[in-house]
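# Working through the structure, step by step
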Amino acid sequence: MPRWLPRAMILALALVACFQLGDWAFHQLIGLLINVLIAFFLALAVEPAVSAMAARGMRRGLATFLVFFAVLIASVGFVVMLGSILASQIIDIVESFPQYLDSLINWINETFRTKLSRVAVQDSLLHSDWLQRYVQNSATGVLDISATVLGGLFRLLTIFLFSFYFAADGPRLRRALCSILPPAKQAEVLRAWEIAVDKTGGYLYSRGLMALISGVAHYILLEILGVPYAPALAVWVGLVSQFIPTIGTYLAGALPMLIAFTVAPWYALWVLGFVVIYQQFENYVLQPKLTARTVDIHPAVAFGSVIAGTALLGAVGALIAIPAVATLQAFLGVYVKRYAVTDDPRMHGPAPRAGSPLLRQVRRSVRAGVGRPPAPDESRESGR
């Protein structure tokens, strides 16, 4: 046996053991790593506000505390307001349930020539096997629900603590990261950090502005229809439709439609029509103008990034996919070399037919002097 073979076998076994240990540790810490990633993007989002307050002479820790305190107050107020709406609506539904049941039973009796009664239906429901099994499963699942709620609160606390430290010690963190890199790499890291702050902050700014516009528009509609809790429902529609990708619009419109249905069934159709029309206005008019300077990303790329982020990290990946892809796109745009496009007719697509609106617009532009080449004096002045 060669003398190097035992050492090679020991080295191979050590590498396999290290790989297995690293794989086990990674799967054990995947939850913590996702929390740190969320905290990092949250710190990037509040970085402009914290830096602006620190530039005015305020200590960075105090500025970070004030920003996070404002975010916490807004979040708690939104949850409490939404919870009060749901609680009141549930109470109204429970109180009106006998009337709904009577009307349903009367319709069934008149339509199908039956002789049902509310007392018999209630007794059959209360003594049914599936209801008893459901009550037993719900009683045994109380501990699981409590553990889930406590785990969610602990996760939120972890995210807020990490994001607070990232935002408060941002300059120190950048110095610590750059201290282990050569000077050439330090400039690239700082540039990437700055781009990430701009794109993440711009994404939240544009989404917040669109949420405000959406909330005001839906508030006006709900007030005209006389739907109760119009301010809270407008806040719900604005936030959920903008900060939950892909399905946020449908989730946001479901609650106002349900409450409008309790007022009048036709009002739910009015709300549905308005949600569909406003969504088209937002997609084709409002969103391109607001996101052109903040998150300049193609809608197809944004949709694909949301799907990829959901497949990788679930709901968390869907939330951070768009700012992450926008940051990567802006960072690569600095280093990707671009060339002048050749003047080939195939670059512009097929030529417009005679009499088409596009051709008439081009002719009007030429007559107005828009497309004429500059005169020699103008070229000399522009070069000067």
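For the structure itself, look to the data block above.
Presented here is an overview of the structure given in this document. (Residues numbered from 1 in each chain as written. Predicted model: local features only at pLDDT ≥ 70, side-chain atom pairs only at ≥ 80, totals over all residues. Heavy atoms only, no water.)

## Notes on the overall build of the protein
Looking only at helices and strands, one finds 14 helices and 0 strands in the protein. Start at the N end of the protein and walk to the C end: the helices and strands fall as α-α-α-α-α-α-α-α-α-α-α-α-α-α. Taking all 384 residues of the protein together, 27% fall into the buried category. Nonlocal contacts in the protein, meaning residues at least 24 apart in sequence, comprise 63% of its contacts between residues at least 6 apart. (Helix = DSSP H or I, 4+ residues; strand = E, 2+ residues; numbered from the N terminus. Buried < 20%, exposed > 50% of the residue type's maximum accessible area, 1.4 Å probe, protein only. Contact = heavy atoms within 4.5 Å.)

## What to know about the packing of helix 8 (residues 230-243) against helix 9 (residues 248-263)
Running from amino to carboxyl end, helix 8 crosses helix 9 at an angle of 165°, the nearest separation of the two axes being 7 Å. Classed by the angle they form, the pair helix 8 and helix 9 counts as roughly antiparallel. The element helix 8 and its partner helix 9 pack so that their crossing is right-handed. Contact residues: helix 8 offers L233, W236, V237, V240 and S241, while helix 9 offers G248, T249, L251, A252, L255, P256 and I259. For the contact of helix 8 with helix 9, the residue count by class is 9 nonpolar, 3 polar and no charged. (Axes fitted to C-alpha atoms, helices over the stretch in contact; angles between N-to-C directions. Parallel < 35°, antiparallel > 145°, perpendicular 65-115°, else oblique. Left-handed = near helix turned anticlockwise from the far one by under 90°. Nonpolar A, V, L, I, M, F, W, Y, C, P; charged D, E, K, R; others polar.)

## Some points on the nonpolar core
Counting residues in hydrophobic clusters, the biggest one holds 19 residues, and the most contacted among them are I38, L44, V46, V50, A167 and V316. For this core, the secondary structure elements donating two or more residues are helix 1 (4-55), helix 2 (60-112), helix 5 (142-168), helix 7 (183-225) and helix 12 (315-335). The element best represented in this core is helix 1, accounting for 8 residues. In contact with A167, not counting residues within four places along its chain, are A43, V46, E47, V50, R60, T64 and F68. (Core = buried A, V, L, I, M, F, W, Y, C linked by side-chain atoms within 4.5 Å.)

## Some details on the environment of L42
Note on placement: L42 falls in helix 1. Classification of L42 as partly exposed rests on a relative accessible area of 27%. Spatially, the C-alpha atom of L42 lies 9.3 Å from that of G201, the residues being 159 residues apart in sequence. Look past the residues within four positions of L42 in its chain and what remains in contact with it is F68, I159 and S163.

## Some remarks on the pattern of salt bridges
Following the criterion strictly, the structure yields 2 salt bridges and no others. A salt bridge links E47 to R60, with the nearest nitrogen and oxygen atoms 2.6 Å apart. With E47 in helix 1 and R60 in helix 2, this residue pair connects regions lying 13 residues apart in the sequence. Of the residues examined, E47 reaches a relative accessible area of 7% and is grouped as buried. Overall, the relative accessible area of 17% leaves R60 in the buried class. Two residues, R174 and E47, come together in a salt bridge whose shortest N-O distance is 3.8 Å. Here R174, found in helix 6 (residues 170-178), pairs with E47, found in helix 1; they are 127 residues apart in sequence, far enough to count as distant. Salt bridges linked by common partners bring E47, R60 and R174 together as one network. (Salt bridge = Lys/Arg side-chain N within 4 Å of Asp/Glu carboxyl O.)

## A word on the packing of aromatic side chains
A full pass over the atoms with the stated rule returns 11 aromatic pairs. Summarising the aromatic geometry, the rings of W107 and F112 are spaced 6.1 Å apart at their centres and angled 90° between planes, so their arrangement reads as edge-to-face. When sorted by exposure, W107 lands in the same class as F112, which is exposed. Ring geometry for F274 versus Y278: centroids 6.3 Å apart, planes at 20°, classification stacked. In this pair, F274 and Y278 are both assigned in helix 10 (residues 265-290), 4 residues apart and thus about one turn of the helix distant. A residue is classified by how much of its surface remains accessible, and F274, at 25% relative accessible area, is partly exposed. Of the residues examined, Y278 reaches a relative accessible area of 8% and is grouped as buried. (Phe/Tyr/Trp six-rings, centres within 6.5 Å; stacked < 30°, edge-to-face > 60°.)

## Notes on the packing of helix 6 against helix 7
Interaxial distance between helix 6 and helix 7 falls to 10 Å at its minimum, and their mutual angle equals 150°. Crossing handedness for the pair helix 6 and helix 7: right-handed. Facing helix 6, whose interface residues are L173, R174, L177 and C178, helix 7 presents Q186, V189, L190 and W193. Of the residues assigned to the contact of helix 6 with helix 7, the class counts are 6 nonpolar, 1 polar and 1 charged.

## Focus: helix 9
The end-to-end C-alpha distance of helix 9 is 24 Å, a good match for the 22 Å that 16 residues give at a rise of 1.5 Å each. Of all the residues in helix 9, the buried ones are G248, T249, A252, G253, L255, P256, I259 and A260. (Expected span 1.5 Å × (residues − 1).)

## Quick look at a nonpolar patch on the surface
There is a patch of nonpolar side chains on the surface, built from F26, L29, I30, L32 and L33 and spanning about 430 Å² of accessible area. Assignment of secondary structure puts F26 in helix 1. (Patch = residues over 30% accessible without salt bridge, like charges linked within 9 Å, V, L, I, M, F, W, Y side chains within 5 Å. Areas by Shrake-Rupley, 256 points an atom, 1.4 Å probe, with all protein chains shown as cover.)

## Let's talk about helix 8
Over its 14 residues, helix 8 extends 20 Å from the first C-alpha to the last, a length consistent with the 20 Å expected when each residue adds 1.5 Å. Buried residues dominate helix 8, accounting for 10 of its 14 residues. A230, A232, L233, A234, W236, V237, G238, V240, S241 and Q242 are the residues of helix 8 that are buried.

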